[in-house]
Amino acid sequence: MRILDSLVEQVHSGRIPDYLNTEAEFIKVDVRDAGAVAKALEGIDSVYYQAAAVGVVQSMYEIARFVAVNDLGTAVLLDEIVKRRDRIRKLVVASSMSIYGESTYFCNSCQTESYLQLRGVEQLAANDWEFSCEQCGGMLRAIGTREDKPLFPTTVYAVNNSRRGIW
């Protein structure tokens, strides 16, 4: 087992997390480094891909960095996997709940489920952060979001993950 991570300061304080499997070989590397990724794939037959620049808000003002890490990093990994397609038998790609946009909501009054998108300008100007039922006007409560919910990514981070999540 081998783990690759760039140990971004914001996420890991530059340190290997204590919770990692101590039996795994750890390699500090940027996933965009094709040579390092190629070397790390030696002797590997399964890949669980979870690499991503994280930070939903930051993705909106550090767009080039997020796209470079998330899209180019994915492309580098896929290029290297394709070169080894006779040996690598499994690829599992993680995504993010942010690809769905807002949560799924439920109205207790009329017993309906809603997939809401964005709050309107007037609602935001009134500092009204809650959603109301589109059918009866009742108060909504957030409920768990299933994976069959339509995608509605609203940030650069979510868009990066929605492309990764639909393979």
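Residues numbered from 1 in each chain as written. Predicted model: local features only at pLDDT ≥ 70, side-chain atom pairs only at ≥ 80, totals over all residues. Heavy atoms only, no water.

Caption draft 1: A look at the pattern of salt bridges. Tallied over the entire structure, the rule returns 8 salt bridges. A salt bridge links R146 to E113, with the nearest nitrogen and oxygen atoms 3.3 Å apart. Separated by 33 residues along the polypeptide, R146 in the loop between strand 7 (140-143) and helix 5 (156-165) and E113 in strand 6 (residues 112-115) bring together distant segments of the chain. Residue R146 is classed as partly exposed on the basis of its relative accessible area of 41%. In this structure, R146 and D148 form a salt bridge, with 3.3 Å as the shortest nitrogen-oxygen distance. When salt bridges with common partners are traced through the structure, they connect E80, K83 and R84 into a single cluster. (Salt bridge = Lys/Arg side-chain N within 4 Å of Asp/Glu carboxyl O. Helix = DSSP H or I, 4+ residues; strand = E, 2+ residues; numbered from the N terminus. Buried < 20%, exposed > 50% of the residue type's maximum accessible area, 1.4 Å probe, protein only.)

Caption draft 2: Up close: the nonpolar core. Core analysis: the biggest nonpolar cluster contains 10 residues, these being V31, V37, L41, I44, V47, Y49, V76, L77, I81 and I88. Listing elements by their share of this core, those giving two or more residues are strand 3 (46-49) and helix 3 (63-83). When residues of this core are assigned to their parent elements, the largest contribution, 3 residues, is made by helix 3. With 6 residues, the next largest nonpolar core counts Y105, F131, C133 and L140 among its residues. (Core = buried A, V, L, I, M, F, W, Y, C linked by side-chain atoms within 4.5 Å.)

Caption draft 3: Here's a closer look at the side chain of K149. Tracing the backbone through its elements, the reader meets K149 in the loop between strand 7 and helix 5. The buried charged residue K149 lacks any salt bridge partner; its closest oppositely charged side chain belongs to E102, at an N-O distance of 7.9 Å. Within the structure, K149 has its side chain in polar contact with the backbone oxygen of E102 (distance 3.0 Å). Setting aside anything within four residues of it in sequence, one finds K149 in contact with Y100, E102, S103, T104 and Y115. (Lys, Arg positive; Asp, Glu negative; His and termini not counted. Polar contact = N/O pair within 3.5 Å; in protein donor to acceptor, adjacent residues only side chain to side chain. Contact = heavy atoms within 4.5 Å.)

Caption draft 4: Structural detail: the side chain of R84. Relative to the assigned elements, R84 resides in the loop between helix 3 and strand 4 (90-93). Look at R84 and you get buried, because its relative accessible area is 13%. Each residue touching R84, except ones within four places of it in the same chain, is listed here: A38 and L41.

Caption draft 5: Seen up close, the confidence of the model for the chain. The predicted model of the chain averages 86 in pLDDT, with 96% of residues at 70 or higher. Per-element mean pLDDT across the chain ranges from 68 in helix 5 up to 95 in helix 2 (residues 34-40). (pLDDT = per-residue confidence, 0-100.)

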